[in-house]
Amino acid sequence: MSTDTAIALGVLAMLGRRISDRLRAFVVTILVVDDLFALTAIAFGYSSGVAIRPLVLGIALFAVIAVLARLGVQIGILYLALGVATWAAVRQAGVEPVVVGIAMGLLTWATPARSTDLQRASDLFRLFREQPTPELARAARTGVAFSLSPNDRLQALYLPWTSYAIVPLFAFANAGIHLTGTAIHDALHSRVAIGILLAYVIGKPLGIALGTATVGRFAPGLRPPLGWLSIATGGTAAAAAFTVSLLIATIALQGSDLQAAKLAILAAAALAPLLTAGVVRGSRLLPVDVRLRAMLGKAESMVDLAVPVDAERDHVRGRGDATVTLVEYGDFECPYCGRAERAITEVLGESADVRYVWRHLPLSDVHVHAQLAAEASEAAAAQGKFWEYHDVLLAHQDALEADDLVRYAEELGLDAERFVDNLSRHAGGKRISDDVDSAEESGVAGTPTFFVNGRRHWGAYDAAGLTRSIKEARARARAVASGGAVAARRS
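Here the structure is a predicted model, which is why all the values come from computation and not from measurement.

Moving on, we come to the overall build of the protein chain. Counting its secondary structure elements, the protein chain contains 21 helices and five strands. Principal axes of the C-alpha set define a box for the protein chain whose edges measure 90 × 65 × 40 Å. Burial status across the protein chain gives 40% buried among its 491 residues. Restricting to contacts in the protein chain with at least 6 residues of sequence separation, those with at least 24 account for 79%.

Right, dumping it as structure tokens:
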């Protein structure tokens, strides 16, 4: 019933860079829902003789946990005690207590770090820097940790334990397979084993494909930004089964049927990589443009950039009709922005169909000259030399005092009197504030942050990382345009 998420993602990882991040995200989405249904089926489908009083107690305890989480209470030992008590009550009620794990997992949400939380963490660290005491060290450490979402904190805390201890022990405890000739012979002639194997290697990919097609048909807004070939690849990777499937088999079956089911589950896990590799290799027989459309589809991808690029307002470098738009939220004093500038220059030099947009996000709490430098760049923009001044600022990040900013303006041939007047009046302040607001709406808290055709770029912001994202965005744009042209010819 349930795909093993780790194995499925491992199958995709084996195929290397030919697998897009969109496909990985699609597979994770499918499998998270898949696991929720499987574990819920265990909780309610294999429970008997439910006792009402312990169940009501378990629900009440979980309600307390939910209220505490909603109020922002962050005392780990309290949640541990309440969680164990809830687990015991639900188990006493005769309901499979795995449901408690599902419910607790749904309470640990994931969100980007908010700028207010980052500001508070910076203030706490600054206090520690001025007076390094154990109390302030503890406060700074706590402030930094709690600027992250509960999901991120718990993942960092428990990931080594779950990856290297809990999940392997779980699989080991539920395996118990005797690989003898008799066991394999019996499995080959077992309707249970044959049914499980066919359900995974044929039913699972077919179910995912048909389910996705049905959703796309009746709810176009939920259609994933993938083509049928990518969905087929994800479906075959989802044929991998292990941990939860073994648990279900152990609960539902016994004797020779259980042994046959376990062998079938292992066979499905072994066949999944072969099936997926076969689909990918077979796709190479298709013409390039057909393969691109089959991989990328025609659905619009989710846009992360809250405020679209406006060529009349934004600072844009490159052709207006470029296929790819690269947006950076940057800070002129941020050293990482300075390093990223070299990568951007390289990318723009290699790609004529990329336009680059700079938006301000001065992190004044850590970079004391960032706001003034941003206002100076706007003063230069008022005289038509934003990009020249932009380049000078990033080349001299260690010299951003007021006198330095005026000197750069004079070296670029700007009207120094007008420049100083704009700077003293903070004429660019409103424009910078609008950029900061748009960053907040887009979930941006640090610099540099990039968006490629409206989608946030995750990962390295070196030349190789940005180029990879740009190539994917360009291929998708061309596939969509090609699909539209084909439809127009048919009509």
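Let's pick the thread back up.
Moving on, we get to the sheet that holds strand β3 (residues 354-360). Spatially, β1-β3-β2-β4-β5 is the arrangement adopted by the five strands of the open sheet, whose pairing is mixed. Either end of the sheet is taken by a strand with one partner, and the two such strands are β1 (315-317) and β5 (455-456). Relative to β3, β1 is paired through three bridges, and the arrangement is antiparallel. Of the residues in β3, the one forming a bridge with valine 316 is valine 357.

So, about the packing of helix α4 (residues 76-92) against helix α5 (residues 98-107). The contact between α4 and α5 brings their axes to 9 Å, and the two run at 145°. Crossing of α4 over α5 shows right-handed handedness. Taken together, the residues of α5 that come into contact with α4 (itself represented by Tyr79, Gly83, Thr86, Trp87 and Val90) are Val99, Val100 and Met104. Split by residue class, the contact of α4 with α5 holds six nonpolar, two polar and no charged.

Bringing the nonpolar core into the picture now. Leu326, Tyr389, Leu393 and Phe419 are the most contacted members of the largest nonpolar core, which has 35 residues in total. Sorting elements by how many residues they give to this core places helix α17 (residues 386-395) first, with six residues. Non-local contacts of tyrosine 389, meaning those with residues more than four positions away in its chain, are made with Ala376, Ser377, Ala380, Leu405, Tyr408, Ala409, Leu412, Leu414 and Phe419.

This next bit is on the state of the cysteines. Evaluated as defined, the whole model comprises zero disulfides. Cysteine 334 carries a free sulfur, and the closest cysteine sulfur to it, the one in cysteine 337, is 3.7 Å from it. Residue cysteine 334 is classed as buried on the basis of its relative accessible area, which comes to 2%. Since its relative accessible area comes to 1%, cysteine 337 is described here as buried.

By the alternation rule, side chains of strand β4 (residues 449-452) split into Thr449 and Phe451 and Phe450 and Val452, which are all buried. Here four bridges tie strand β2 (residues 324-330) to β4, and the two strands are oriented antiparallel to one another. Looking at β4, one finds that tyrosine 329 is bridged to threonine 449. Of the pairings in the sheet, the one linking β4 to β5 comprises two bridges and is antiparallel in character. Each bridged residue has a counterpart across the sheet, and for phenylalanine 451 the counterpart in β5 is arginine 456. Hairpin connection from β4 to β5: two residues lie between these consecutive antiparallel strands, with asparagine 453 at a positive phi of about 50°.

Rules of the game
- Residues numbered from 1 in each chain as written.
- Predicted model: local features only at pLDDT ≥ 70, side-chain atom pairs only at ≥ 80, totals over all residues.
- Heavy atoms only, no water.
- Helix = DSSP H or I, 4+ residues; strand = E, 2+ residues; numbered from the N terminus.
- Buried < 20%, exposed > 50% of the residue type's maximum accessible area, 1.4 Å probe, protein only.
- Contact = heavy atoms within 4.5 Å.
- Pairing = 2+ DSSP bridges.
- Axes fitted to C-alpha atoms, helices over the stretch in contact; angles between N-to-C directions.
- Left-handed = near helix turned anticlockwise from the far one by under 90°.
- Nonpolar A, V, L, I, M, F, W, Y, C, P; charged D, E, K, R; others polar.
- Core = buried A, V, L, I, M, F, W, Y, C linked by side-chain atoms within 4.5 Å.
- Disulfide = S-S within 2.5 Å.

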